[in-house]
Amino acid sequence: ETRRRPPEGAEFVFARVQYGNYYSARGYRRYGRLEGWAHDYPEAEEHILQVASEATGINLNKMSYVIVDLDSKEIFQYPFLYFSEVGEMLLTDREVDNFREYFNRGGFAMIDDFDSQYSLDHFLSEMKRLFPARDFPLLPLEHPIFHTFYEIPTLDVDPPYGARDGGRPTFYGYYDDHGRLSMILDAN
């Protein structure tokens with residue numbers, strides 16, 4: 001069962017996005033598992049919220065999360081959206097329009113868990129439907145996001161934190177028309 005209502009009294013709600021993909025569009029589960037959008041649900045939410053609770057003064061608890069549909073107006077209630085396993089994402093026209101509007105209103109999204117370069121390329125092609133002229137530049141280690149709260153001294157890591165195929169962790173940004181970082185993607 002997925003959490004569809006945010007808990008009362010939380011100052012921040014972790015919003016995971018449910019979206020359509022190749023498999024859900026055909027009405028079956030891949031390899032008998034949950035669909036990609038639900039990867040590591042709800043353990044990821046509970047872990048991230050525990051760390052955020054310990055590291056900040058924000059009023060939240062490990063149950064401060066919700067699932068929202070990408071084509072729903074609910075996404076506008078949450079300034080931060082989390083996506084998982086988007087390498088299989090196939091956006092509907094309604095999802096494209098809603099997601100574009102989310103960014104136009106100033107929302108931020110974190111995209112997680114690419115299994116391969118193919119998955120990353122597929123997702124990037126889906127994002128071109130939102131804003132065809134925008135690109136996803138690589139975020140270098142010098143980018144402020146790696147030095148704001150935690151000091152990240154290197155992106156050179158060994159498995160299990162690196163990719164299964166030995167690829168180096170890489171991060172990409174997605175900027176709005178004013179140069180504001182509005183999405184971060186992590187690969188490997």
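Residues numbered from 1 in each chain as written. Predicted model: local features only at pLDDT ≥ 70, side-chain atom pairs only at ≥ 80, totals over all residues. Heavy atoms only, no water.

S.K.: Would you take a moment to explain the packing of aromatic side chains for this structure?
M.R.: The relation between two aromatic rings is expressed through the spacing of the ring centres and the mutual angle of the planes. Taken as a whole and judged by the stated rule, the model has 17 aromatic pairs. With centroids separated by 6.0 Å and ring planes inclined at 55 degrees, the aromatic side chains of Phe12 and Phe80 adopt a geometry described as tilted. Here Phe12 is found in the segment before strand 1 (14–18), whereas its partner Phe80 is found in strand 3 (residues 80–84), with 68 residues between them in sequence. Relative accessible area serves as the criterion here: at 18%, Phe80 is assigned to the buried category. Ring plane angle 45 degrees and centroid distance 5.2 Å describe the contact between Phe14 and Tyr82, whose orientation is recorded as tilted. (Phe/Tyr/Trp six-rings, centres within 6.5 Å; stacked < 30°, edge-to-face > 60°. Helix = DSSP H or I, 4+ residues; strand = E, 2+ residues; numbered from the N terminus. Buried < 20%, exposed > 50% of the residue type's maximum accessible area, 1.4 Å probe, protein only.)

S.K.: I keep staring at the nonpolar core and nothing clicks. Help me out?
M.R.: Within soluble globular proteins, side chains that are nonpolar tend to cluster in buried spots. In this structure, Leu81, Phe83, Phe99 and Met183 are the most contacted members of the largest nonpolar core, which totals 49 residues. When contributions to this core are tallied by element, the ones reaching two or more residues are strand 1, strand 2 (65–69), strand 3, helix 3 (93–104), strand 4 (108–114), helix 4 (117–127), strand 5 (170–175) and strand 6 (181–187). Ranked by residue count, the leading element in this core is strand 6, at five residues. Contacts of Leu81, omitting those with residues within four sequence positions, involve Ala15, Val17, Val68, Ile75, Phe99, Tyr102, Phe108, Ala109 and Met110. (Core = buried A, V, L, I, M, F, W, Y, C linked by side-chain atoms within 4.5 Å. Contact = heavy atoms within 4.5 Å.)

S.K.: Is there a simple way to think about the pairing of strand 3 in this case?
M.R.: The side chains of a regular strand alternate between both faces of the sheet. With five of its five residues buried, strand 3 lies for the most part within the structure. Taking every second residue as pointing to the same face, both faces of strand 3 are buried, with Phe80, Tyr82 and Ser84 on one and Leu81 and Phe83 on the other. As paired strands, strand 3 and strand 4 are joined by five bridges and run parallel to one another. Residue Leu81 lies in a different strand from strand 4, and its bridge partner there is Ala109. Between the parallel elements strand 3 and strand 4, the chain passes through helix 3 in a crossover that is right-handed. (Pairing = 2+ DSSP bridges. Right-handed = clockwise from strand over helix to strand, strands pointing away.)

S.K.: Where do I start with the confidence of the model for the protein in this structure?
M.R.: Regions with low pLDDT should not have their predicted coordinates read in detail. Across the protein, the average pLDDT comes to 83, with 85% of residues at 70 or higher. Note on residues 22–33: pLDDT is under 50 here. Beyond four places in sequence and across chains, it has 10 contacts. (pLDDT = per-residue confidence, 0-100.)

S.K.: Explanation requested: the pairing of strand 6 in the structure shown.
M.R.: In terms of residue burial, strand 6 counts as a mostly covered element, since seven of its seven residues are buried. In this structure, strand 4 lies alongside strand 6, joined through four bridges in parallel fashion. Bridging from a neighbouring strand, Met110 pairs with Ile184 of strand 6. Of the strand pairs in this sheet, strand 5 and strand 6 are connected by six bridges, and their pairing is antiparallel. What sits directly across from Phe171, in strand 6, is Asp186. Adjacent in sequence and paired antiparallel, strand 5 and strand 6 are bridged by five residues, among which Gly179 carries a positive phi angle near 80 degrees.

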